[in-house]
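Structural features, examined
As a plain string of letters, each chain reads:
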Amino acid sequence: MKLAFLGGTFDPVHLGHLAIARAAVEEFGLDVVYFVPADVPPHKRGRKLTQFQHRFAMLALATAEDQRFVPSLLEANSAHPNYSIETVRRLKSTLEPSDKLYFLIGVDAFMEIASWKQPVELLSECDFVVVSRPGHSLQDIAKALPESLRSGNAVRPGTGHQGSTIQLPSTAVHLLDNVDQPISSTQIRAAARKSVGQLGKYVPRLVAEYIRKEHLYLEPEPNQEK
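Below is a short write-up of the structure. Please read these numbers as outputs of a predicted model, since none were measured by experiment. Along every chain, residues carry numbers that run from 1 in the direction the sequence is written. pLDDT decides what is reported in this predicted model: residues at 70 or higher carry local features, side-chain atom pairs at 80 or more are listed and counted, and totals for whole chains, interfaces and linings draw on all residues regardless. The basis for every side-chain value is the complete set of heavy atoms in the structure, and neither hydrogens nor water enter the calculation.

**Observations concerning the nonpolar core**
Spelled out, the test is: The nonpolar core is taken to be a set of buried Ala, Val, Leu, Ile, Met, Phe, Trp, Tyr and Cys residues, with the residues joined through side-chain atoms within 4.5 Å. The buried label goes to any residue with under 20% of its type's maximum accessible area, the exposed label to any with over 50%, and the partly exposed label to all in between, with areas taken from a 1.4 Å probe on protein chains only. Think of it this way: any DSSP run of H or I at least four residues long counts as a helix, any run of E at least two long counts as a strand, and we number them from the N terminus.
Core analysis: the biggest nonpolar cluster contains 39 residues, and Leu30, Val33, Phe35, Met58, Leu104 and Leu176 have the highest contact counts within it. Those elements giving two or more residues to this core turn out to be strand 1 (2-8), helix 1 (15-28), strand 2 (32-37), helix 2 (52-63), strand 4 (100-106), strand 5 (127-131), helix 8 (185-194) and helix 9 (205-214). Considering every element that reaches this core, the biggest residue donor is helix 1, with eight residues. The next biggest cluster of nonpolar side chains, apart from the first, holds 31 residues, and it includes Phe103, Leu122, Ile166 and Val173.

**Here's the deal with helix 2**
Spelled out, the test is: To estimate the expected span of a helix, subtract one from its residue number and multiply by 1.5 Å. The contact criterion used is simple: two residues touch if any of their non-hydrogen atoms lie within 4.5 Å.
Relative to the 16 Å expected for 12 residues at 1.5 Å per residue, helix 2 spans 16 Å between its end C-alpha atoms, a close match to the ideal helical length. Residues of helix 2 that are buried include every one of Phe52, His54, Arg55, Ala57, Met58, Leu59, Ala62 and Thr63, and no others. Tucked inside the fold, the buried residues of helix 2 contact helix 1, strand 2, strand 3 (69-71) and helix 9.

**Notes on the environment of Gln51**
Convention followed: The definition of a polar contact used here is a pair of N or O atoms within 3.5 Å, where within protein one atom must be able to donate a hydrogen and the other to accept one, and adjacent residues in sequence count solely through side-chain atom pairs.
Topologically, Gln51 is positioned in the loop between strand 2 and helix 2. Judged by its relative accessible area of 48%, Gln51 is partly exposed. Linking Gln51 and Leu216, residues 165 residues apart in sequence, is a C-alpha distance of 10.0 Å. A distance of 3.1 Å separates a polar atom in the side chain of Gln51 from a polar atom in the side chain of Gln53.

**Some thoughts on the packing of aromatic side chains**
Here is the rule: Centres within 6.5 Å are what make two rings of Phe, Tyr or Trp a pair, Trp counting through its six-membered ring; a difference in plane orientation under 30 degrees is then read as stacked, over 60 as edge-to-face, and the rest as tilted.
This model, assessed by the stated rule, comprises eight aromatic pairs. An angle of 35 degrees between the planes, with centres 4.8 Å apart, marks the rings of Phe5 and Phe103 as tilted. Placement of the pair is Phe5 in strand 1 and Phe103 in strand 4, with a sequence separation of 98 residues. Where Phe52 meets Phe56, the ring centres are 6.3 Å apart and the plane angle is 15 degrees; that geometry is what we call stacked. Highlighted residues: Phe52 and Phe56, both in helix 2, separated by four residues, approximately one helical turn. In this structure Phe52 comes out as buried when scored by relative accessible area, which is 12%. In this structure an aromatic cluster arises from ring pairing among Phe5, Phe103, Phe110, Trp116 and Phe128.

**Examining the environment of Leu101**
Mapped onto the elements, Leu101 comes out in strand 4. Taking relative accessible area as the criterion, Leu101 reaches 6% and is therefore assigned buried. Spatially, the C-alpha atoms of Leu101 and Phe128 are 8.7 Å apart, while their sequence positions differ by 27 residues. If we skip the residues at most four places from it in the chain, Leu101 touches Leu3, Ala4, Phe5, Val88, Leu91, Lys92, Leu95, Cys126 and Asp127.

**Some remarks on the pattern of salt bridges**
As a reminder of what qualifies: What counts as a salt bridge is simple: a side-chain nitrogen of Lys or Arg found within 4 Å of a carboxyl oxygen of Asp or Glu.
This structure, assessed with the given rule, holds six salt bridges. Two residues, Arg68 and Asp66, come together in a salt bridge whose shortest N-O distance is 2.8 Å. Accessibility expressed as a relative area gives 31% for Arg68, which makes it partly exposed. Among the salt bridges present, the one from Glu125 reaches Arg89, with a minimum N-O distance of 2.8 Å. Of this pair, Glu125 sits in helix 5 (residues 119-125) while Arg89 sits in helix 3 (residues 84-92), and the two are 36 residues apart along the sequence. Assessed through its relative accessible area of 19%, Glu125 is described here as buried. The structure contains a network of salt bridges with shared partners spanning Arg89, Lys92 and Glu125.

In structure tokens form, the structure reads like this:
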């Protein structure tokens, strides 16, 4: 089995997340993509998130029509920061030795990978698939690696999916480009406050209906004028 981990706050899940998952499925022959919403994301502890049960419910609705997409409770009810190294190891403990795990991540998030908890160990646990956008190259991704993985022969650019792969000692980092979905959850929350009728441009129909039904994203965010 080939499986992938796609984490995030998913506040809310949107068409861009689904496009990333579909592109990865096609390019890497994935059997399953786990969508893993964070309960307590370490990098967003300063922002109030929508309650976990709402974010998970929207994920369940968004992924219901594709049997390869699985909403996961791996980081639910944690009561402490969700570090990727811990979640990945927990997920791997449920897999077969012959299974292959990929970590799907956007290029902006990957550029901060060196500041994550135990980044070298995390990068040794599974292959990474970095979803890029115009303006980022394989060289940029290589520079974002922890220093110990940038030195010597640790980084060996080679061929692979999309023709761009960095070979690490025990894993690899693949560049996945041509996924053109310029959507952000921040943009969607702002649209919901203006007109819920706009949501269909950004999220699956059932997710838009859920946002309307539960009256989500109506309150201005702290950094915005009321």
